[in-house]
Amino acid sequence: MHIHRRRQLILFCLLFIVYTLTNSGTFHIVDEVSLFAVTESVAQRGEVDTNAIAWSQWVNSPGEVLGSFGPDGEVYSKKGPAPAFLAVPWYLFVRLFAALGLPWGLLQGALLWNGIVTAATAVLLWSTAVRMGYPDRVGTLLSLIFGLATIAWPYANHLFGEPLSAFGILLCFYGLVRIASSSWRLAVRAESETHNPQPATRNPQFALLSGLGAALMLTTVTAHALLVGVFGLYLLWTIWRGEKATMRRSQKAKAGSAIRNPQPTPSSHHLTTTLHQSRITHYALRIALFALPLLLAGTLLLLYNAARFGHPLDTGYHFDSGEGFSTPFGQGFWGLIFSPYRGVFWHTPVFVLSVLAFPAFVRRHRAPGLLIAALSAVLVTMYSLWWMWWGGFAWGPRFLVPMTPLWILLLAPVLEKMMNKELRLGAWDRLAQPILYSSFIVLSFLVQISSVIVNYVNYEIKLREIFPTDWVDPLRFGPPAQGLADLAFSPVFGQWRLMTENFVANSDLVWLWPDGTVQWSVVIVGVVALALTLGTGDWGLGTGDRRGDIERQSSVVRRPSSGALSVLAVVAVTAVWLTVAGQHPIYTVPGYRAVLDEVGQAAGDDDALVTIAPYHYHIPMNWFGRGLPIFGYAADSMDRPETVAVLTAALADHPQIWYVTAGLPPSDPANTVERWLAEHAYKADDRWFDDFRLVRYATERALGDGEVRPLAETLANDANRVAVTGARLPTSAAAGTTLPVEIRFRVENVSAPLRWFVQLLGADGAPVALLDTAPLDGYASFSVLPVGVELVERAGLVLPTNIGSGEYRLIAGIYDPTREGAPRLQTQGGGDVLDLGTVQIP
């Protein structure tokens with residue numbers, strides 16, 4: 001492997017190991033949950049809904065709602081699709097190993113994805129610096145500063161879209177830098193090509209590469225279309241500049257040729273025309289290649305919007321609820337740049353050096369420097385105006401993360417001079433400036449360290465206590481700690497206070513548990529992996545190691561196995577981290593895990609899962625990979641028409657519903673979802689797993705073509721009388737499924753809390769499946785049912801997986817549990833059961 005590529009591979013591995021070791025393995029913000037829900041739906045079912053977290057639609061304020069309802073009532077994320085879609089292959093990779101029996105959590109594995117993206121961005125930053133003429137060692141240092149001393153580090157451990165935006169912006173910038181240098185070379189060669197023309201299609205792939213970066217930006221955050229516009233103008237400007245320079249040199253060449261040969265020939269005129277047409281074709285090709293990914297991305301966005309919200313221009317944002325660009329510019333600008341709460345210079349001090357280095361960068365790279373300035377101005381202005389410019393609970397100005405690699409690139413000229421010892425302006429340059437730069441880099445590193453080892457959300461909550469918040473609408477209060485007088489309350493200092501107060505309780509490291517237990521396997525493997533990666537070879541931080549020197553070296557490296565060793569280190573750390581992360585107490589909820597295991601083993605491929613466990617949403621996200629649609633609601637969600645529409649469709653689409661509650665008793669009056677299911681589905685089983693309940697329902701779909709069988713029977717005793725008028729059941733049912741049964745009846749006179757029993761009898765008369773239930777699954781009592789009105793009781797029976805084929809008889813009856821021996825009500829003929837019909841088991 002070429003030494004340059006080897007170093008980049010080692011850098012990638014080093015950063016990914018650091019990000020993995022400092023990853024908490026948990027969500028911090030609901031934005032992450034929303035993005036992951038899309039990844040999960042796409043990977044497991046090929047859908048894009050976020051119904052698994054539908055409960056999040058009804059929270060305190062619009063700013064906390066990360067989805068929107070589609071026309072069908074289903075919930076969809078309002079986030080751009082690219083971060084969620086691109087994480088799907090990695091999700092499937094982790095899922096593959098989990099399916100093989102490794103205890104790897106799907107959610108926890110997905111949280112490592114942005115570590116890959118950020119490490120790749122660092123490598124791309126290295127390549128960008130080298131392509132702009134800097135030594136390999138400068139590229140190395142820039143990448144390390146970006147990866148370990150900026151807010152890129154904490155966001156590498158989140159499932160936000162900002163890391164992908166940063167990669168997209170840098171990729172677009174890299175491609176345009178290559179295009180600009182190619183255009184300049186084309187102009188320089190114009191004179192020689194007057195006599196020896198060559199095809200004007202040099203490096204068209206960089207226009208496509210730049211377009212791909214722009215497409216990533218657009219499909220991550222639609223508002224980044226403004227940044228894409230800046231890049232597009234820059235592309236046109238480079239083409240215009242290149243053509244202008246080409247024409248100038250061509251005219252100069254013609255003037256020289258005219259002196260040598262005063263009489264122009266037809267062939268020379270034809271040659272000039274051919275060269276001009278070739279250049280026009282070349283420029284058109286570049287524009288087309290840049291625009292092609294954008295056209296595809298735009299089409300994807302329009303289709304995605306139409307699939308989610310029924311209209312190609314509907315993004316799901318709640319502009320009618322206050323979202324929009326409504327903040328006064330000065331307020332948002334101060335907050336993003338200088339405020340103690342979110343100020344970029346407080347959260348990444350190294351950016352102070354970027355400002356100081358900007359003039360030197362522009363002197364050396366005027367056009368790219370002005371491009372970075374324009375992009376910065378557009379992004380900062382846009383989010384200064386955004387209604388929630390602080391980004392909710394976050395670390396630093398997360399909306400500015402996309403510019404992080406370009407702001408670090410600004411340091412390149414100064415770092416090169418310091419590393420080459422070319423500072424000649426006196427003692428300041430020889431001593432003070434390196435000390436200043438080193439101090440800011442170290443300080444910035446320490447700030448990021450504090451953000452990844454301690455959970456910053458804990459301090460965000462403390463800030464709401466220090467600065468009283470209206471918890472009915474917490475975002476109405478706005479961000480705290482805005483003035484410099486509040487500097488002591490900045491999260492930058494708050495993180496260190498959390499460490500001193502109770503480091504273990506506030507830890508955000510997966511290998512340090514809340515009870516103080518240290519998972520030494522992660523620590524030991526991690527330290528060894530870091531040592532191995534750091535020691536695998538020359539990092540290129542010495543002097544005189546310029547790109548040209550590197551490319552002249554042999555592709556045979558002195559230590560050919562170093563790259564492979566770094567990759568093995570990554571594999572070891574990832575495997576151990578995932579194994580230990582899955583054992584973390586917040587993911588080891590035995591009752592819920594047992595519920596999911598039961599559903600995973602017994603559910604059919606067409607079944608669905610409904611959960612009323614909003615505080616445990618992460619458990620199925622981490623451990624349930626069956627691919628069943630999940631509808632996650634709160635107990636009061638049936639008060640919403642969207643929930644009714646979605647669950648009505650679910651009963652029509654799925655033969656069985658598996659229903660999970662956390663800490664709620666059966667027939668809880670406040671549980672509107674369970675009551676609705678009792679009225680519309682066919683309960684067959686109800687079991688407890690610690691504090692979690694698993695209820696199994698059959699649906700209308702399972703009834704198939706079953707018709708109502710008329711009955712004219714009466715069940716009665718001395719004080720109670722119920723007329724049964726009909727029954728409906730399927731003609732056949734498969735082993736292991738749920739058999740739905742409808743019993744139609746009228747209450748004529750009832751004073752006791754009677755109960756139904758339903759049994760499926762084999763040829764020997766013994767029951768093979770049975771159910772005991774009160775009316776409406778306990779939500780009603782016979783004694784309060786309306787008299788003389790035809791009602792329907794829905795029941796279900798779980799058929800054993802080993803039930804034999806043949807014909808089975810279905811019976812039902814009513815008994816009085818308040819009397820001794822729980823006697824059954826009698827039929828008119830003196831019996832105590834009703835024959836509802838037969839069912840064929842194939």
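Up top is the structure these notes are about.
Residues numbered from 1 in each chain as written. Predicted model: local features only at pLDDT ≥ 70, side-chain atom pairs only at ≥ 80, totals over all residues. Heavy atoms only, no water.

Draft legend 1. Focus on the overall build of the protein chain. For the protein chain, the helix and strand inventory stands at 31 helices and 15 strands. When burial is assessed residue by residue, the protein chain has 56% of its 842 residues classed as buried. Sequence separation of at least 24 residues holds for 77% of the intrachain contacts in the protein chain that already meet a minimum separation of 6. By element, 62% of the accessible surface of the protein chain is carried by carbon and sulfur atoms, the whole surface being about 33400 Å². (Helix = DSSP H or I, 4+ residues; strand = E, 2+ residues; numbered from the N terminus. Buried < 20%, exposed > 50% of the residue type's maximum accessible area, 1.4 Å probe, protein only. Contact = heavy atoms within 4.5 Å. Areas by Shrake-Rupley, 256 points an atom, 1.4 Å probe, with all protein chains shown as cover.)

Draft legend 2. Seen up close, the packing of aromatic side chains. A full pass over the atoms with the stated rule returns 31 aromatic pairs. Ring centres of Tyr155 and Phe160 lie 5.6 Å apart, and the angle between their planes is 55°; on these two criteria the pair is classed as tilted. By the burial criterion, Tyr155 is buried, and Phe160 matches it. For the ring pair Trp334 and Phe338, a centre distance of 5.6 Å and an interplane angle of 40° mean the geometry is tilted. When its relative accessible area of 33% is taken as the criterion, Trp334 is described as partly exposed. Its relative accessible area of 35% is what places Phe338 among the partly exposed residues. Ring-pair connections join several aromatic residues into one group, and the members of that group are Phe27, Phe36, Trp55, Tyr91 and Tyr617. (Phe/Tyr/Trp six-rings, centres within 6.5 Å; stacked < 30°, edge-to-face > 60°.)

Draft legend 3. Highlighting a nonpolar patch on the surface. Taken together, the side chains of Phe329, Phe333, Trp334, Phe338 and Leu484 present a nonpolar region at the surface, about 440 Å² in accessible area. With respect to the secondary-structure elements, Phe338 resides in the loop between helix 14 (329-337) and helix 15 (344-347). (Patch = residues over 30% accessible without salt bridge, like charges linked within 9 Å, V, L, I, M, F, W, Y side chains within 5 Å. Salt bridge = Lys/Arg side-chain N within 4 Å of Asp/Glu carboxyl O.)

Draft legend 4. Structural context of the sheet that holds strand 4 (residues 630-632). With mixed pairing, the five strands of this open sheet are ordered in space as 4-3-5-7-6. The open sheet terminates on both sides in strands that have one partner only, identified here as strand 4 and strand 6 (682-689). Neighbouring strand axes in the sheet, compared pairwise and without regard to direction, differ in orientation by 20° on average. Here five bridges tie strand 3 (residues 608-612) to strand 5 (residues 656-662), and the two strands are oriented parallel to one another. Within the sheet, the bridge partner assigned to Ala608 lies in strand 5 and is Ile657. In the packing of helix 27 (residues 590-602) onto the sheet, contacts are made with strand 3, strand 5, strand 6 and strand 7 (692-698), and the angle to strand 7 comes to roughly 25°. (Pairing = 2+ DSSP bridges. Axes fitted to C-alpha atoms, helices over the stretch in contact; angles between N-to-C directions.)

Draft legend 5. Spatial organisation of the packing of helix 1 (residues 3-21) against helix 6 (residues 113-131). Relative orientation of the contacting elements helix 1 and helix 6 amounts to 145°, with a least axis distance of 9 Å. In this structure, the crossing between helix 1 and helix 6 has a hand that is right-handed. The segment helix 1 lies against helix 6, with His4, Arg5, Arg7, Gln8, Leu11, Phe12, Leu15, Phe16 and Tyr19 engaging Gly115, Ile116, Thr118, Ala119, Ala120, Ala122, Val123, Trp126, Ser127 and Val130. Of the residues assigned to the contact of helix 1 with helix 6, the class counts are twelve nonpolar, five polar and two charged. (Left-handed = near helix turned anticlockwise from the far one by under 90°. Nonpolar A, V, L, I, M, F, W, Y, C, P; charged D, E, K, R; others polar.)

Draft legend 6. Looking closely at the sheet that holds strand 14 (residues 806-815). The antiparallel open sheet is built from four strands, whose spatial order is 12-11-14-15. Each edge of the open sheet is held by one strand with a lone partner, namely strand 12 (767-773) and strand 15 (834-841). Averaged over all pairs of adjacent strands, the angle between strand axes in this sheet comes to 20°, irrespective of strand direction. As defined by bridge partners, strand 11 (residues 755-761) adjoins strand 12 across six bridges and the pair is classed as antiparallel. Within the sheet, the bridge partner assigned to Val758 lies in strand 12 and is Leu771.

Draft legend 7. Inspection of the pattern of salt bridges at higher detail. Overall, the coordinates contain 29 salt bridges when judged by the stated rule. With a shortest N-O distance of 2.4 Å, Arg364 and Glu416 are connected by a salt bridge. Of this pair, Arg364 sits in helix 16 (residues 350-364) while Glu416 sits in helix 19 (residues 412-420), and the two are 52 residues apart along the sequence. The partly exposed category is assigned to Arg364, whose relative accessible area is 39%. The salt bridge partner of Arg687 is Asp685, with a shortest N-O separation of 2.9 Å. Taking relative accessible area as the criterion, Asp685 reaches 22% and is therefore assigned partly exposed.

Draft legend 8. Fine view of helix 14. Buried within helix 14 we find Gly332, Gly335, Leu336 and Ile337. Contacts made by the buried residues of helix 14 are with helix 15 and helix 17 (366-385).

Draft legend 9. Helix 24 (residues 520-534), seen in detail. Here helix 24 is 15 residues long and its end C-alpha atoms lie 21 Å apart, about the 21 Å a rise of 1.5 Å per residue gives. All of the buried residues along helix 24 are Val522, Gly526, Ala529 and Thr533. Projected onto a plane normal to the axis of helix 24, the buried residues spread over an arc of 70° and lie on a single side. Exposed side chains of helix 24 directed beyond 90 degrees from the buried face belong to Trp520, Ile524, Val527 and Val528. (Expected span 1.5 Å × (residues − 1). Arc of directions from axis to C-beta.)

Draft legend 10. The pairing of strand 3, seen in detail. The buried count for strand 3 comes to five of five residues, which makes it a mostly enclosed element. Both faces of strand 3 are covered, namely the face carrying Ala608, Val610 and Ile612 and the face carrying Leu609 and Thr611. Regarding the hand of the β-α-β motif, the stretch spanning strand 3, helix 28 (residues 618-623) and strand 4 is right-handed. (Right-handed = clockwise from strand over helix to strand, strands pointing away.)

Draft legend 11. Region of the structure containing the side chain of Gln448. Relative to the helices and strands, Gln448 is located in helix 20 (residues 427-453). For Gln448, a relative accessible area of 0% corresponds to the buried category. Those residues in contact with Gln448 that lie beyond four places of it in its chain are Leu148, Ala149, Thr150, Ile151, Trp153, Pro154, His347, Thr348 and Trp395.

Draft legend 12. The arrangement of the packing of helix 16 against helix 17 in detail. Running from amino to carboxyl end, helix 16 crosses helix 17 at an angle of 135°, the nearest separation of the two axes being 5 Å. As the angle between them shows, helix 16 and helix 17 are arranged oblique. The residues of helix 17 that touch helix 16, namely those facing Phe358, Phe361, Val362 and Arg364, are Arg366, Pro368, Gly369, Ile372 and Ala373. Taken together, the residues of the contact of helix 16 with helix 17 sort by class into six nonpolar, one polar and two charged. (Parallel < 35°, antiparallel > 145°, perpendicular 65-115°, else oblique.)

Draft legend 13. Fine view of unusual backbone geometry. Phi at Ser667 is positive, roughly 55°, even though this residue is not glycine. Tracing the sequence through the fold places Ser667 in the loop between strand 5 and helix 30 (672-680). In the Ramachandran plot, Asp777 falls in the positive-phi region, its phi being about 55° despite a non-glycine side chain. Here Asp777 lies in the loop between strand 12 and strand 13 (790-798). Overall, the relative accessible area of 11% leaves Asp777 in the buried class.

Draft legend 14. Structural detail: the environment of Leu729. Relative to the assigned elements, Leu729 resides in the loop between strand 9 (721-728) and strand 10 (738-749). Taking C-alpha positions, Leu729 is 7.0 Å from Glu707, a pair spaced 22 residues apart along the chain. Once you skip the residues sitting within four places of it in the chain, Leu729 turns out to touch Leu703, Gly706, Glu707, Pro740, Leu810, Leu836, Gly837, Thr838 and Val839.

Draft legend 15. Quick look at the nonpolar core. Residues Leu142, Phe231, Leu409 and Leu411 are the most contacted members of the largest nonpolar core, which totals 105 residues. Among the elements that line this core, the one with the most residues is helix 9 (residues 162-188), at ten residues. Apart from the residues lying within four places of it in its own chain, the contact partners of Phe231 are Ile169, Cys172, Phe173, Leu176, Met217, Phe290, Leu371 and Leu375. Core analysis: the next-biggest nonpolar cluster, separate from the first, contains 61 residues, Leu216, Ile630, Trp658 and Phe689 among them. (Core = buried A, V, L, I, M, F, W, Y, C linked by side-chain atoms within 4.5 Å.)

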